[in-house]
Amino acid sequence: DDEVPWILGTHLSEQCGPLARVSEGSQVLLVEAHDFARRMPYHHHKLTLVFAAMRRFRDRLRAAGYDVTYIQADTFGEAFATFFEDNPESTLVTMRSPSYNSERRLRDLVAEAGGTLRVVENELFASTRRAFDEWANDGGQFRHEQFYRWMRRESGVLMSDSDPAGGEWNYDGENRDVPPEDWEAPSVPTHEHGAVIEEVSAWVREEFDTWGNDELRSFPWPVTRDQARDHLDHFLTERLPAFGPYQDAMRADDWAMAHGLVSGAINLGLLHPVEVIEEVEQTYEERADVPISSAEGFIRQLLGWREFMRHVYRHAMPELATANQLAADRDLPDLYWTGETGMNCLSETVDDVHERGYSHHIQRLMVLANFATLWGVEPSELNEWFHATYIDAYHWVTTPNVIEMGQFGHGVFATKPYVSSANYIDRMSDYCTDCAYDQDANTGADACPFNALYWQFLDRNEDRLRSNHRMGLMYSHVDDKRESGEMDAVRDRVADLRDRATDGDL
Ligand code: FAD
Ligand code: SF4
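Residues numbered from 1 in each chain as written. Chains lettered and ligands numbered in written order. Predicted model: local features only at pLDDT ≥ 70, side-chain atom pairs only at ≥ 80, totals over all residues. Heavy atoms only, no water.

Peer 1: Looking at this model, I keep getting lost on the packing of aromatic side chains. Mind explaining?
Peer 2: Think of a pair of aromatic rings as described by two things: how far the centres are apart, and how the planes are tilted against each other in angle. Under the criterion given, the structure shown has 37 aromatic pairs. Relative to Phe51, the ring of Phe36 lies with its centre 6.2 Å away and its plane at 50 degrees, an arrangement referred to as tilted. With a gap of 15 residues between them, Phe36 in the loop between strand S2 (27-33) and helix H2 (44-63) and Phe51 in helix H2 connect regions that are remote in the sequence. Plain terms: the ring middles of Phe371 and Trp375 are 5.7 Å apart, the flat faces sit at 20 degrees to each other, and that makes the pair stacked. Pair noted here: Phe371 and Trp375 are both in helix H15 (residues 361-375), with a separation of four residues, about one helical turn. The exposure class assigned to Phe371 is buried, which follows from its relative accessible area of 0%. (Phe/Tyr/Trp six-rings, centres within 6.5 Å; stacked < 30°, edge-to-face > 60°. Helix = DSSP H or I, 4+ residues; strand = E, 2+ residues; numbered from the N terminus. Buried < 20%, exposed > 50% of the residue type's maximum accessible area, 1.4 Å probe, protein only.)

This is the structure we're talking about:
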């Protein structure tokens, strides 16, 4: 009985899983199924990235001597039927996909095609399911900070003996600077993509109904292992020093700031998170110009948040996908698709996403998700929007980020909603300077919509949020606004904003 590694499009690594355990010359399977790409208006760059990365990986394996069976089909079911017709004695073996229920779904599809599938642990993460479950000890609520410290201790990353490097576990207080006006953002790496990507891009344009820029004029994403390595090296040499201080800052002219831009490559398997973590740590140790806020800030995201999200998703699905504890039921405003709005923070951010299927974390959290939460958008609808429009979006990572962190849908780890008025955006960005709205006004025709929406959000969710001790201060302001009568004006202003949205005039 022959075992044939089946490499998913998000497992493009020769170092991990079944592929790492067979010799060159062995048969391996890749399946390019197209029907999933028709389910949503995906960003053109996302489909181009995934399909180009798979095809380049195929070519690389062939050049290394593997016997690659590459099946292009409408569905996985059709591809398996073809495969098992030609290879009736084979068993497929693959790493578990982090997406909910995928193991059963794929096993069923393989069985329907008359074959068998063996599923093994996914090695493309820094932690295992078992380790997390032992740590969590059946808990139904999870706290990131505790998990993160445990991961630091277990891995020894940024530790000196049993103490955290520098003396503190977390330097997020040093991740909140805003660059001076004359700051120049470090360069963004570029790659020679070659013919394959042009071909894939043209084919995607023909074949699918996509959203977003469908040219390759601003396609910064690595699609091969070599490009991903260059991308990471560039980050370590050019960008890491400024990453920490400006991690939360936003500037209209700098879509990338000093972020890593590596989520796409990591989520496809082109970079292993442990390799990235180790190299960031090593760079910090070797280079005096890399502050601890950069090294720790980055490692917290990758060793902490990314792993945490994967496991929390596992524990909170299937409920998480439709969780909606604030009973938010509004449609996503059209401006998320069109970018047409006088709100500068939103129009700049949607334009960024439209241009290259990416915006950085604070734009995702404090502009896009914040506004949707204040507006009262049904969480699953925003989740679909993120899923379709970002090059790094996969159900397992988008869902906990959008529904829980972004919209406080469930309560499985978030202790309060991440919402804010214009105050936060004004402090952390330069968007408000060029905006049609006044960031300092709550009411009146040109008052920033975030402000009235923020107070009305607290007002309308009082039953759910007032008892939360982390919200106490905010509710004392709500009380003041009610007493002074300002809350009535706030409610009127929100009604007016909703009318304007209906007219496409927000
Ligand atoms: P950097 O800022 O350089 O961070 C380094 C790395 O840490 C990232 O590459 C990523 O691998 C990891 N990371 C950081 N934060 C998170 C997090 N919260 N969850 C998981 N990994 C994290 N990330 C995705 O990979 N796919 C998504 O679809 C996605 N959707 C998001 C939606 C919302 C509403 C929010 C608030 C966050 C989302 N994130 C998502 C997390 C995070 O914003 C992105 O990973 C990050 O912006 C990617 O850009 P970067 O590589 O430049 O990251
Ligand atoms: Fe955004 Fe309000 Fe600032 Fe305009 S004033 S950029 S809408 S926060």
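Here the narrative resumes, following the displayed structure.
Peer 1: Teacher, can you tell me more about the nonpolar core here?
Peer 2: The tendency in soluble globular proteins is for nonpolar side chains to be buried as a group. Counting residues in hydrophobic clusters, the biggest one holds 145 residues, and the most contacted among them are Tyr336, Leu346 and Leu382. Broken down by element, this core gets its largest block of residues, twelve residues, from helix H11 (residues 292-316). Look past the residues within four positions of Leu382 in its chain and what remains in contact with it is Leu332, Tyr336, Ala369, Ala372, Val377, Val402 and Gln407. (Core = buried A, V, L, I, M, F, W, Y, C linked by side-chain atoms within 4.5 Å. Contact = heavy atoms within 4.5 Å.)

Peer 1: Got a minute to help me understand the domain arrangement of the protein chain in this structure?
Peer 2: Note on interface size: it is often stated as the accessible area lost on association of the parts. Taken domain by domain, the protein chain holds domain 1 (2-120), domain 2 (129-316) and domain 3 (335-502). Here the C-alpha centroids of domain 1 and domain 3 sit 39 Å apart. Across the contact, eleven residues belong to domain 1 and 16 residues belong to domain 3. Contact between domain 1 and domain 3 buries roughly 1,100 Å² in total, counting both sides, with carbon and sulfur atoms accounting for 65%. Sorting the residues of domain 1 by area buried against domain 3 places Met40, His43 and Lys46 first, and these three jointly supply 46% of that buried surface. For the pair domain 1 and domain 3, the interface holds zero salt bridges. One can count seven residue pairs in polar contact (both at pLDDT 80 or more) joining domain 1 with domain 3. Taken together, the residues of the side of domain 1 that touches domain 3 break down into six nonpolar, four polar and one charged. (Domains from an automatic or database assignment. Buried area = accessible area lost by both parts, 1.4 Å probe. Salt bridge = Lys/Arg side-chain N within 4 Å of Asp/Glu carboxyl O. Polar contact = N/O pair within 3.5 Å; in protein donor to acceptor, adjacent residues only side chain to side chain. Nonpolar A, V, L, I, M, F, W, Y, C, P; charged D, E, K, R; others polar.)

Peer 1: Whenever I open this one, the site of ligand 2 confuses me. Can you help?
Peer 2: Close to ligand 2 lie Met343, Cys345, Ala422, Ile425, Tyr431, Cys432, Cys435, Tyr437, Gln439, Cys448 and Phe450, which account for all nearby residues. Classifying every residue of the shell around ligand 2 gives ten nonpolar, one polar and no charged. (Near = heavy atom within 4 Å.)

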